[in-house]
Amino acid sequence: MDWGAIVQNALRAAFGLEAAYFALAAIGLNVHFGYTGLLNFGQAGFLAVGAYGMGIAVTYFGWSLWVGIGVSILAAVVFALLLGLPTLRLRADYLAIVTIASAEIVRLVFRSARFQPVTGGSAGLQNFAGEFYRINPYDTGVYRLEAVYAGGVGPFDVVRVLLALALLWIVVDRLLPGRLPGSRRPRVAPSAADADESVASREVIGLREIVLLAVAAVILVVGLSPVAFNERRMWILTVGWGLVALTSLLVFLLMRSPWGRVLKSIREDEDAARSLGKNVVSYKMQSLVFGGVIGALGGLVFVIGNQSIQPDNFGTPITFFAYAALILGGTARVFGPVVGSMIFWALLSFAENALQQGREAGYISNDFLTSTQIGQLRFMLVGVGLMLLMVFRPQGIFGNRREIDLSVRR
Amino acid sequence: MSVADRPAAASAVEALGGVDRRPGVPKPDPILTVDGVHRRFGGLTAVNVDHLEVQRGSITALIGPNGAGKTTFFNLLTGFDKPDSGIWTFDGEDMAGMPAHKVARTGMVRTFQLTKSLARLSVMENMKLGATGQRGEGFGRALLPPLWLGQERANEARALELLTRFKLDTKRDDFAGTLSGGQRKLLEMARALMVQPRLVMLDEPMAGVNPALTQSLLGHVKGLREEGMTVVFVEHDMDVVYDISDWVVVMAEGRIIAEGPPAAIGANQEVIDAYLGAHHDAPLTFEEEERQLAEDHARARAEGEGRT
Ligand SMILES: Nc1ncnc2c1ncn2[C@@H]1O[C@H](COP(=O)(O)OP(=O)(O)O)[C@@H](O)[C@H]1O
Ligand SMILES: [Mg+2]
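Residues numbered from 1 in each chain as written. Chains lettered and ligands numbered in written order. Predicted model: local features only at pLDDT ≥ 70, side-chain atom pairs only at ≥ 80, totals over all residues. Heavy atoms only, no water.

### Some details on the sheet that holds strand β9 (residues 247-252) of chain B
All names here are of chain B. Quick reminder of the rule: At least two DSSP bridges between two strands are required for those strands to pair. Counting from the N terminus, the helices are DSSP H or I runs at least four residues long and the strands are E runs at least two residues long. Simply put, an axis is a line fit to the C-alpha atoms, just over the touching stretch for a helix, and the angle between two N-to-C directions goes from 0 to 180 degrees.
The sheet built from six strands is open, its strands ordered β6-β7-β8-β3-β9-β10 with mixed pairing. In the strand order of this sheet, the two ends are held by β6 (108-110) and β10 (255-260), each with one partner. The sheet shows a mean angle of 20° between the axes of neighbouring strands, direction not considered.

So this is what it looks like as C-alpha cells:
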C-alpha cells in the first residue's frame, strides 16, 4: 500500500474545493446554531439558492457573472426572510421543520421539468463561470502549495513562520495560563459535583493542541509540495479560502461585539433576552440572513469551481455533512467550522483511499467489498469516528468542555 | 418636613395610610393601573382582574395560593402573554399589546419564577446584556468597535458597581451556569437593574434561596425603593411579606380578593378562606398552619368517631 499517496490525497482534500465550500456552509450554520441556537436544517437550500441565483442570472438573463453574484446574495436574503417570517416567533422546532422541507422544495423546483428552460431541469446549468476564469491571475501550469512563488522568500514561508509563532503561543498560554494578554477566559469555580474538574484544568496539551501540532509539523517539515492544483483550481481555491478567511474575521468581530452577545443570549434563553429589552425576533432574523448569505457564498464557490450546477448536489445530506464538520471542529468557535470541514474531508479521503488500496493490495477481498461500496463505507467509518468523538470529546476539537457541560440544564 | 426628605419606606406607608382596604381601591399616585384584564386557558379563567392600582415608590406584595394566576398576571402585564381583553397603563402610557422587549425598554422589567441565567455567558456578560440603548447592538456598528467601546466600558463600570452591591463581583468572569441557585437569583435581579427600570416585578425572588441569602435579597429589594423604584413581588413566605411590603394584594382563582397593608391582611376572612380552600399548600403563617393542622386532626378524629 502506498501510504504516501494516501496521506497526500488526504492533505489535498483538506485544502480542496469541497473543504472550502463546506467550510463556508458550516460557518453559516455556526452563526445559526452555534451562536444563536437556531436549528437550520436547510443550509443546502441556501447553497442552492446561491448557486442558482447566479446561474439563472447569467445563463437565462444573460447578465454579467458579477451581477449574478449580487442576485445570489439577494436571493439568499429573500429565502431567509421567507423561512424566518412565519417561524421565528414560534418554538425552535418549527424552524427546523420548515427549513428542512423548504430546502427540499427548492431543490425539487430547480430540477423539475416544468422550469427546465430556466433552471436546466435535472441536467442543471453550465457555461456561466467564464468571466471568473478570464481574470485568473495564475498562469497555466501546475501549482504546488509550497512553491507558488518560486525562489526567494515567498508568502508560504510567511505562513510557516506564522504557524510556528501560533504554536509557540498556544504552548506558552497552556504552560502559563492567564499570563498572556487577551487570554483570560471565564473561570469555572471548582465544585464537588465534578471531581475531575481539577484534573481537566491541569491538562496542558489537549486534543486541539495535538491536532494543531500534527498539522503544523507536516506543513513545517515536509511542506505541502505534494499537494498540487492546476491554475483554474488555484484561482477558485484562492477566492474560496479567501472568503472563508473574510467571513471568519466577520464572525470573530461580530461575536465579541454587543450584537454577538445578544445572539448568544437568545441561544441561552430567549425570554431572558426579551425581558431585558432585546427584540429577539429581529436578531434571529439577522442571524438567519447573515448565516444564510455565507451559505450562499459557499454554493457559489462550489458551482464556480465545478463550472456546473447540478440540482442533486444540493440534497439534505449537504446540510448534515456541514453539521458534522461544525460539530467536529467545535460549535460557537470561530475556527471550529473551518478546521472541522478540513478534517472532515481529509478523513473521508483517507478512509476511501485506504480502503481502495487495501482492496487492490489484496488485504480486503473483492467479495467482501466492491469498489462502489467503498464510497458508502467511508461515510460509515467517518460516522463511527464522529460518534467516538462525541463520546470522548463532545465539545469537538476547538470547543470548551465546560461550556458543553453547562448546556445540559441543571 | 416634606415627604421627599424622609426614607422612602416611611413616605410609602404614609401615602397608603388613608387608602381603603378593599380590592381595586384607587391609590394616591399610581404608577401602574390595570383595568379588566382577562386571560382564559380553555375553560379555565387564569386571570380576571377588574381593577388594580400600584402606588409609585412602594413595595407591593402579590400573594395567593398556587395556581391563583400571579405568574400569568405578570406575563400579561410584561408582554409575555396576551390577554383576551383588558387595558393597563404604566406611568400614563398605554401598554396593552406592547411586545415584551418594548415593555422592558419602557421601564417595566420583570424576573422569572424559574431563574433564567444565561448559563454559557459570564456573569459580566449577563450584566452588560441588560444595558439598553447599546450602539454596538446594531449589525453594522458592531463591526466598528470605536463606535461602542466607550459605552461598553461605562456599562461595565456600572455592572461592576451592581455586582459589588450584590456580592457577585468576585464571580464576574465565571460562567453564570456555575453559580448556585441563590446567586442566580441575585444575578437575575442585578441584571434587571441594568435596564434602569422604574418598576421592577419579581416573581418569587426568594424561592429556593438559602436563609442567609434571603436576608441580603430582602435588603436589596428595600434598597430599590430607596432609589425611587416601585417594586411588585410575588412571595409565599408571609414573614417576608410582613417584613418588606408596604401594601399586599391577594389573588385567588384569577381575581383580586383583598388588598391592604400587611398587618391587616392576615386577619382578612376572605384571605383565610382562599388559602384554606387551596389544599393547605401555602400556609399564611406558622400559627395559621398549626391551627389548620389542629382543625384537620379534630375533623379526622370526629369522622373516625362517627364511623365507630
Ligand atoms: N400556558 C398555560 N396553559 C394552560 N394553563 C395555564 C398556562 N399557564 C398557566 N395556566 C394555569 O393558569 C392558572 C394560573 O397559573 P399561574 O399564573 O402559574 O399561578 P401562580 O403563579 O399564581 O401559581 C393555573 O391553574 C395554571 O395551571
Ligand atoms: Mg407562579
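### Points about the side chain of Ser112 of chain A
Residues and elements named next belong to chain A. Put simply, the test is: Here a polar contact is taken to be a pair of N or O atoms separated by no more than 3.5 Å, where protein atoms must pair a possible hydrogen donor with a possible acceptor and residues adjacent in sequence count only if both atoms sit in side chains. Residue contacts are counted whenever heavy atoms from the two residues lie within 4.5 Å of one another.
Relative to the assigned elements, Ser112 resides in the loop between α5 (92-111) and α6 (116-119). Within the structure, Ser112 has its side chain in polar contact with the backbone oxygen of Val109 (distance 3.0 Å). The residues contacting Ser112, other than those within four sequence positions of it, are Thr119 and Gly121.

### Some points on the domain arrangement of chain B
Residue and element names in this part refer to chain B. Going by this rule: An automatic or database domain assignment supplies the start and end points of every domain. Accessible-area loss on putting two parts together, using a 1.4 Å probe and summing over both, is the definition of buried area adopted here. One side-chain nitrogen of Lys or Arg within 4 Å of one carboxyl oxygen of Asp or Glu is enough to make a salt bridge. Three classes are used: nonpolar for Ala, Val, Leu, Ile, Met, Phe, Trp, Tyr, Cys and Pro, charged for Asp, Glu, Lys and Arg, and polar for all others, with Gly counted as polar.
The domain boundaries assigned to chain B delineate domain 1 (9-117 + 192-267) and domain 2 (119-178). For domain 1 versus domain 2, the distance between C-alpha centres works out to 28 Å. Taken together, the contact between domain 1 and domain 2 spans seven residues of the former and 14 residues of the latter. Of the roughly 1,000 Å² buried between domain 1 and domain 2 on both sides combined, carbon and sulfur atoms contribute 61%. Together, Ser117, Met194 and His220 form the three largest contributors to the area buried by domain 1 at its contact with domain 2, with a combined 62%. Here domain 1 is connected to domain 2 by one salt bridge. For the side of domain 1 that touches domain 2, a count of residues per class yields three nonpolar, three polar and one charged.

### Quick word on the site of ligand 1
Residue and element names in this part refer to chain B. Formally: We call a residue near a molecule or strand when any one of its heavy atoms sits within 4 Å of it. The method behind every accessible area is Shrake-Rupley, applied with a 1.4 Å probe, and residues are considered shielded solely by the protein chains displayed.
In the vicinity of ligand 1, the contacting residues are Phe41, Leu44, Ala46, Pro65, Asn66, Gly67, Ala68, Gly69, Lys70, Thr71 and Thr72. Between Thr71 and ligand 1, the recorded distance is 2.7 Å, taken from a side-chain N or O atom to an oxygen atom. A distance of 2.6 Å separates an oxygen atom of ligand 1 from a polar atom in the side chain of Thr72. Here ligand 1, which alone exposes 560 Å², has 59% of that area covered by the protein. At the level of secondary structure, the elements contributing two or more residues to the shell around ligand 1 comprise β2 (44-55) and α2 (70-77). With three residues, α2 is the single largest residue contributor to the shell around ligand 1.

### Some details on the pairing of strand β7 (residues 199-203) of chain B
When a strand is regular, its side chains alternate between the sheet's two faces. Residue and element names in this part refer to chain B. Applicable threshold: Note on classification: 1.4 Å probe, protein chains only; a residue is buried when its accessible area is under 20% of the maximum for its type, exposed when over 50%, partly exposed between these limits.
Along β7, five of the five residues are buried, which leaves the element largely enclosed by surrounding structure. The two faces of β7 match: Leu199, Met201 and Asp203 on one face and Val200 and Leu202 on the other face are all buried. Pairing analysis gives three bridges linking β6 to β7, with the strands arranged parallel. Along β7, the bridge assignment pairs Arg110 with Met201. Pairing geometry for β7 and strand β8 (residues 230-234), over five bridges, is parallel. Residue pairing for β8: Leu202 is matched across the bridge by Phe233.

### Looking at a nonpolar patch on the surface
For clarity, the threshold we go by: Nonpolar side chains (Val, Leu, Ile, Met, Phe, Trp, Tyr) are joined into patches within 5 Å and like charges within 9 Å, using only residues with over 30% relative accessible area and no salt bridge.
Together, Met1, Trp3, Val7, Phe350 and Tyr363 of chain A line one region of the surface with nonpolar side chains, adding up to about 530 Å² of accessible area. Secondary-structure assignment places Trp3 of chain A in helix α1 (residues 3-14).

### As for the packing of helix α3 (residues 43-59) of chain A against helix α14 (residues 280-306) of chain A
Relative orientation and spacing of two packed helices are given, respectively, by the angle between their axes and the distance between those axes. Residues and elements named next belong to chain A. Our working definition: Reported orientations rely on four angle classes, namely roughly parallel under 35 degrees, roughly antiparallel over 145, roughly perpendicular from 65 to 115, and oblique for the rest. Left-handed describes a crossing in which the near helix is turned anticlockwise from the far one by less than a right angle; the clockwise case is right-handed.
Look at α3 against α14: their axes get within 7 Å of each other, and the N-to-C directions meet at 55°. With respect to each other, α3 and α14 are oriented oblique. Seen from above, α3 lies across α14 with right-handed handedness. Of the residues in α14, those touching α3 at Gln43, Phe46, Leu47, Gly50, Ala51 and Met54 are Leu288, Gly291, Gly292, Gly295, Ala296, Gly298, Gly299, Leu300, Val303 and Ile304. For the contact of α3 with α14, the class distribution of residues is nine nonpolar, seven polar and no charged.

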